[in-house]
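Now for the letters of each chain:
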Amino acid sequence: MAGTISRIRLENFMCHSSLHIELGEHVNFITGQNGSGKSAILTALCIAFGSRAKSTQRAAALKDFIKTGCSHATVVVDINNQGEDAFKPEVYGNLIILERRITESTSSTLLKDQHGKKVAHRKDDLNEIVEHFNIDVENPCVIMSQDKSREFLHSGNDKDKFKFFFKATLLQQVNELLETIRDQLNNADSIVQELEKSIKPVMRELDELREKIKNMEHIEEIAHDIDNLKKKLAWSWVYGVDKQIEEQTVKLQKLKERIPACQERIDRSTAVIDELKKELIEKEEIVNSLRDKTREVNMMKKSMEDKIAEVVKQTIELEAEHVRGTRLLEKMNVQLKKLQAQLHDFQTQHMQMTQAEASQIEEDMKTIQGEIDNLHSSVTRLREEEKKFSEELSGIQKSITDITKEITENDSRFQQLKSQINDLQHRQSNKVTAFGGPRVLNLLETIESSYRRFKNPPIGPIGAHLKLASEFWSVAVDCACGRLLDAFIVSCHKDLQILRECANKVHYGYLQIIIYDFTRPRLLIPDHRLPTTEHPTVLSVIQSENDTVVNVLVDQGNAERQVLVRDYEVGKSVAFDSRIQNMKEVYTADGYKMFSRGSVQTILPPYKNRRAGRLCSSVGEKIAELINEANGIEKIKSEKSAQRRKLVSDQQNLEQKITSLKRKRVPEEHRLANKKVHLDDAKRASVENNTYTAVDTTELEEEIKQGKIDIEQKELLLQKISVRLTATIQDVNDNKASYKTYMDSMNAETGSFSSANDELDIANRKLDAAQQEKTHYEGLMETKVLPDIKMAEADYANLQQLRQESFKKASVICSESDLEALGHVAGSTPEQLSAKINRLKHRLDQESRRYSESIDDLRALHEKKERKIFKKQQLYAGFRVKLNSCQNALDLRWKKFQRNAGLLKRQLTWLFNEHLGKKGISGFINVDYKNKVLSVELTMPQDASRDTVRDTRGLSGGERSFSTLCFTLALHGMTEAPFRAMDEFDVFMDAVSRKISLDTLIDFAVAQGSQWIFITPHDISMVKPGDRVKKQQMAAPRG
């Protein structure tokens, strides 16, 4: 079940260094002596799910939970995440690992998936999981610690019982939330009243402004006259500029008449310059020709100088090389004499070695060789035995690996069969669950409750509306239609949105919804559009009374083009050998899918988990078949496990034998290696003693012989260098003579180049004089004539700009047509108009002194304040409307809260009586919400008068314990949680009461179906064992 706890691991937490607790899915009992750390398990659960340290009543801060002497504490909780209520199974898988780590300064929370991979770490992610599974660890009905058990279960105080009821049913949380909202609304109402009062002084100021504006309106007439005069003044400036423009136009025309005379002189100078340029070009060509020739002469000169320098350099190098060779030859002669003297001294020495020593070495070598042969045979024998055992061990290990692999495959297959059996059993009870699982039932219930919202009721799932003509094709049709069988059909987009809302309510994600016209009749497929084959199609083997379902399978699933065949070979023949028209895909009876697209042929194997098609009606036979197969696999598993155990035993024996042989072989190999080393040393010593003298003499003789050869070669090389040096000196002399002859011939040609240069300079001076004359007249044109024209044009442009600006400003003040209505400005200069305006302004100032503000300012201030007040009135009115809406909503929720509180009170009494009735007892629970007390009234079966016992303290110990237990179970029945835990719930009970309470608790826990964790220090041997009850004993505390 999703949300239950499968394992709890504690490290350095409270009294535990390391603790692992595995929990069953149903009822768990954890017992142990006081001080063994039982209660620490529930404290760890509270801390893991985000509870604060003070809420556990065991510590003031999280760091207090760290075991003494340790630096950190870790709590790891494994949460099952299977079933339809799983939380994000695509992210976490079948298990959510919640890890809370506490240090001296901080604490952190990690959320991991089933493989231990980190998924999230934020507090919001943990809250999302807690809200999804409805885990409220601070609710006493979810986790009842020692302190809560003493406070609620073993107290006869009616106020404590009311607190237990009020907190367990979440009424306390809702009541506190509503009270907080009411206080916030009252504060907001006070603020709005203060804001509404703040407007009244501003309203009074607004009335005073209106009165003041009425008294100042006569000043506006004078201001109106001033405005009219300002308009005339603006246009008088425009007309004055027009006169200046006319005068400047005449002046500009006269200046432009001076340009032609000046331009004539410039053109004459330009013609002279062109003729001089042609003459200059001819002379430059002559000079360039002479310059090129001179450049060639210089290059030749440079080449000859470089050649002479190179030959001189070679001469110097050869002389240096000859000197170095002579010195080296002298050194080689000295070295040869030294070697000859050394050879003579070496031959006088004698190396002696007696025959007795040689014989002794030979005898030792024979002894060592014999020992080596014996050790080698022993090592070889041990290696052969070890190899034989290793081969046997390798065979056994391979067999163990094969059997282990086979057992693993059988386990996987067994789990698949169990899953398929569970699915088929669900389908046996309700066929609809085959198409979406149990969640589709919740969706159909939601659709039924929202029936009136749909234009047309949705149709679905599609598979629930289909039947097969033959169950032989159930797997093939299931593979062909696939997820389309889970889909729903609606008639419009609005119904799609409503259906999507219903799916979200029941957490049915990725629901396929198809929009289709429900009024469309069943489609009739003509024969020429069907596959031309004798094999059936999906459309021919399915049956449905709903035309829309069949139409959707045709339009969306191409059911009329999907061909069904009996086996694999026939499918290949139909799909690939013959090109059948109108055929899309071929499906075999066991689920193979075959199709071709162009030249590509594709075969897809059937789904692993799809043994029986979802459209199959004989579910019972399939379940029996799968159960038989599962039993067979389980039998094979047990046989293979026995074989593996025997092989493991044989493997251990062989490993012991191999280890024993290795212990014997390794010392023998070490001795063999040492003997071989001794033998090599002896051989090496004998060879060195026999060959020492002969080798040294030969080397010296060879070195002397080579020295003589090197001296002869060096003398021959020196002779060659001397010949090359003589030839090089002759080349130097020849090159110098050629250079002198060439330079004498070239000096005669330099005179013509100088005269050509002089003529070129004269031509350049004439051209410069002509250009200076042209520049003079161009300067005159640029500095005198054109600047005057440009200045006149600039003045003209400025006047035009001034006219445009004056016209623009005047047009802003008033249009020219408006000016004509006021009277023309002819005869009035701007100065006269300005004087009139000043006189009127003086009069206006005298009148305005009576008031500090102008009427326009007052009117603007009036409008500004009026807008401000209006906005505030609208804003505060909006605040008031929203406050009233919030108050009405709060009143409505308060009424619902009171009604729900009354319903919970009645539900508690019904459930309380239901549990009491098992012992023939009846009772009533009176909840007084005003005084916050809860009283229990009981009527015992042995009481003939049927009087009500109002105080449970008047009952016997067993009766009081049983009534308290019934009260607790009634509250548990009113709350929902994936798991519940109770600590020391039976601490004040006697043996008989404990026996009755335990039986009642187990029956209730098993019937309810959620996970229960009971912690007690007492003996629970009277609890009957079963597959739904798990007992665990905590280790005794260490002294």
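First, a word on what this report is: a plain description of the structure on this page. Keep in mind that this is a model prediction, so the values were computed, not measured. (Residues numbered from 1 in each chain as written. Predicted model: local features only at pLDDT ≥ 70, side-chain atom pairs only at ≥ 80, totals over all residues. Heavy atoms only, no water.)

Looking only at helices and strands, the protein features 23 helices and 21 strands. Looking at the protein as a whole, 37% of its 1039 residues qualify as buried. In the protein, the proportion of contacts linking residues at least 24 apart, taken out of those at least 6 apart, comes to 74%. Counting every atom, the protein has about 62100 Å² of accessible surface; 50% of that belongs to carbon and sulfur. (Helix = DSSP H or I, 4+ residues; strand = E, 2+ residues; numbered from the N terminus. Buried < 20%, exposed > 50% of the residue type's maximum accessible area, 1.4 Å probe, protein only. Contact = heavy atoms within 4.5 Å. Areas by Shrake-Rupley, 256 points an atom, 1.4 Å probe, with all protein chains shown as cover.)

One open sheet holds the six strands; their spatial order is S2-S1-S4-S5-S6-S7, and the pairing between them is antiparallel. Strand pairing shows two members of the sheet lacking a second neighbour, strand S2 (16-22) and strand S7 (118-120), which therefore form its edges. Taking each pair of neighbouring strands and ignoring which way they run, the sheet shows an average axis angle of 20°. For strand S1 (residues 5-13) and S2, the ladder comprises six bridges, and the chain directions are antiparallel. By the bridge assignment, Arg 9 is partnered in S2 with His 20. Against the sheet, helix H1 (residues 39-48) touches S1, S2, strand S4 (72-80) and strand S5 (95-103), its axis set at about 100° to S1. Contacts between helix H3 (residues 123-133) and the sheet are confined to S4, S5, strand S6 (107-112) and S7, with S6 contributing the most and set at about 60° to the helix. (Pairing = 2+ DSSP bridges. Axes fitted to C-alpha atoms, helices over the stretch in contact; angles between N-to-C directions.)

Bringing unusual backbone geometry into the picture now. The omega angle of the peptide bond from Gly 460 to Pro 461 is -10°, so this bond is cis rather than trans. Note on placement: Pro 461 falls in the loop between helix H11 (439-449) and strand S9 (467-468). In this model, Asn 12 sits at a positive phi of 55°, which is unusual for a non-glycine residue. By the secondary structure assignment, Asn 12 is in strand S1.

Further remarks concern the environment of Arg 579. In this fold, Arg 579 is placed in the loop between helix H16 (568-577) and strand S14 (585-588). A C-alpha to C-alpha distance of 9.8 Å links Arg 579 and Thr 532, two positions 47 residues apart in sequence. Excluding anything up to four places from it in sequence, Arg 579 contacts Ser 596 and Gly 598. In this structure the side chain of Arg 579 is engaged in a polar contact, spanning 3.2 Å, whose partner is the side chain of Ser 596. (Polar contact = N/O pair within 3.5 Å; in protein donor to acceptor, adjacent residues only side chain to side chain.)

Bringing the pairing of S6 into the picture now. Relative to S6, S5 runs antiparallel, the two sharing six bridges. Among the inter-strand pairings, Ile 97 is bridged to a residue of S6, identified as Lys 112. Bridging between S6 and S7 involves two bridges; their strand directions are antiparallel. Across the sheet, residue Leu 111 finds its bridge partner in S7, namely Ala 120. Between S6 and S7, which pair antiparallel and follow one another directly, the connecting turn spans five residues, one of which, Gly 116, has a positive phi of 85°.

With that settled, consider the packing of H11 against helix H13 (residues 493-505). For the pair H11 and H13, interaxial distance at closest approach is 9 Å and the crossing angle is 130°. Compared by their axis directions, H11 and H13 come out oblique. Along this stretch, H11 crosses H13, giving a crossing that reads as right-handed. Across the interface between the two elements, Leu 443, Thr 446 and Ile 447 of H11 pack against Leu 499, Cys 502, Ala 503 and Lys 505 of H13. Residue composition of the contact of H11 with H13, by class: five nonpolar, one polar and one charged. (Parallel < 35°, antiparallel > 145°, perpendicular 65-115°, else oblique. Left-handed = near helix turned anticlockwise from the far one by under 90°. Nonpolar A, V, L, I, M, F, W, Y, C, P; charged D, E, K, R; others polar.)

Take H16 next. Here H16 has its buried residues at Gly 571, Val 574, Ala 575 and Phe 576. Mapping the buried residues of H16 onto a view down its axis gives an arc of 165°, with all of them on the same face. Along H16, exposed side chains directed more than 90 degrees from the buried face belong to Glu 569 and Asp 577. Those residues of H16 that are buried lie in contact with strand S13 (562-565), S14, strand S15 (593-597) and strand S16 (600-604). Between a side-chain oxygen at the N-terminus of H16 and the backbone nitrogen of Val 570 the separation is 2.9 Å; the capping residue is Asp 567. (Arc of directions from axis to C-beta.)

Time to look at the packing of helix H6 (residues 171-197) against helix H21 (residues 855-916). In the contact formed by H6 and H21, the axes pass within 10 Å of each other and the chain directions differ by 160°. On the basis of the axis angle, H6 is roughly antiparallel to H21. As for the relative orientation of H6 and H21, their crossing is left-handed in sense. Its residues assigned to classes, the contact of H6 with H21 comprises 17 nonpolar, three polar and seven charged.

Moving on, we come to a negative patch on the surface. A contiguous patch of negative charge on the surface is contributed by Glu 279, Glu 282, Glu 284 and Glu 285. With respect to the helices and strands, Glu 279 occurs in helix H9 (residues 259-347). Exposure remark for Glu 279: the relative accessible area of 32% places this residue in the partly exposed category. (Patch = residues over 30% accessible without salt bridge, like charges linked within 9 Å, V, L, I, M, F, W, Y side chains within 5 Å. Salt bridge = Lys/Arg side-chain N within 4 Å of Asp/Glu carboxyl O. Lys, Arg positive; Asp, Glu negative; His and termini not counted. Charge placed at Lys NZ, Arg CZ, Asp CG, Glu CD.)

With the rule as written, the count across this model stands at 19 salt bridges. Residue Arg 9 pairs with Asp 78 through a salt bridge whose shortest N-O separation is 3.0 Å. Here Arg 9, found in strand S1, pairs with Asp 78, found in strand S4; they are 69 residues apart in sequence, far enough to count as distant. Overall, the relative accessible area of 2% leaves Asp 78 in the buried class. For the salt bridge of Glu 205 with Lys 865, the shortest nitrogen-to-oxygen distance reads 2.8 Å. With a gap of 660 residues between them, Glu 205 in helix H7 (residues 200-215) and Lys 865 in helix H21 connect regions that are remote in the sequence. Taking relative accessible area as the criterion, Glu 205 reaches 36% and is therefore assigned partly exposed.

Applying the stated criterion to the full structure yields nine aromatic pairs. Residues Phe 13 and Phe 65 carry aromatic rings whose centres are separated by 5.4 Å and whose planes lie at 10° to one another, so their mutual orientation is stacked. Note that Phe 13 is positioned in strand S1 and Phe 65 in the loop between H1 and S4, a separation of 52 residues in sequence. Note on Phe 472 and Trp 473: the rings are 4.9 Å apart at their centroids and 85° apart in plane angle, and the pair reads as edge-to-face. On the basis of relative accessibility, which here comes to 8%, the residue Trp 473 falls in the buried class. The structure contains a cluster of three or more aromatic residues connected by ring pairs, namely Phe 29, Trp 1012 and Phe 1014. (Phe/Tyr/Trp six-rings, centres within 6.5 Å; stacked < 30°, edge-to-face > 60°.)

Topologically, Asp 486 is positioned in the loop between helix H12 (474-481) and strand S10 (488-490). Judged by its relative accessible area of 19%, Asp 486 falls in the buried class. For Asp 486, the residues in contact, after removing those within four places along its chain, are Ala 434, Phe 435, Gly 436, Pro 461, Tyr 508, Leu 511 and Arg 614.

Within the largest apolar cluster, 49 residues are counted, with the highest numbers of intra-cluster contacts made by Phe 29, Phe 165, Leu 908, Phe 912, Leu 934, Phe 967 and Leu 971. For this core, the element with the highest residue contribution is H21, accounting for nine residues. Non-local contacts of Leu 934, meaning those with residues more than four positions away in its chain, are made with Asp 158, Lys 161, Phe 162, Phe 165, Leu 908, Ile 925, Asn 926, Val 927 and Phe 967. Residues Ala 48, Leu 62, Leu 111 and Ala 120 belong to the second largest nonpolar core, which totals 47 residues. (Core = buried A, V, L, I, M, F, W, Y, C linked by side-chain atoms within 4.5 Å.)

A cluster of like positive charges, contributed by Lys 864, Arg 867, Lys 868, Lys 871 and Lys 872, occupies part of the molecular surface. On the secondary structure map, Lys 864 appears in helix H21. Judged by its relative accessible area of 54%, Lys 864 is exposed.

Spatially, S8-S19-S20-S3-S21 is the arrangement adopted by the five strands of the open sheet, whose pairing is parallel. With partners counted over all chains shown, the strands left at the sheet margins are strand S8 (143-144) and strand S21 (1029-1033), one partner each. Note that strand S3 (residues 27-31) and S21 share five bridges and pair parallel. Across the sheet, residue Ile 30 finds its bridge partner in S21, namely Gln 1032. Contacts from H1 reach S3, S8, strand S19 (979-983) and strand S20 (1011-1016), with the element oriented near 140° to S19.

Within H1, 10 of the 10 residues are buried, leaving the element largely enclosed by the surrounding structure. Looking at H1, one finds that the buried residues are Ser 39, Ala 40, Ile 41, Leu 42, Thr 43, Ala 44, Leu 45, Cys 46, Ile 47 and Ala 48. Positive backbone phi, approximately 100°, marks Gly 50, located one or two places after H1.

Function cannot be read off these values alone, since they describe shape.
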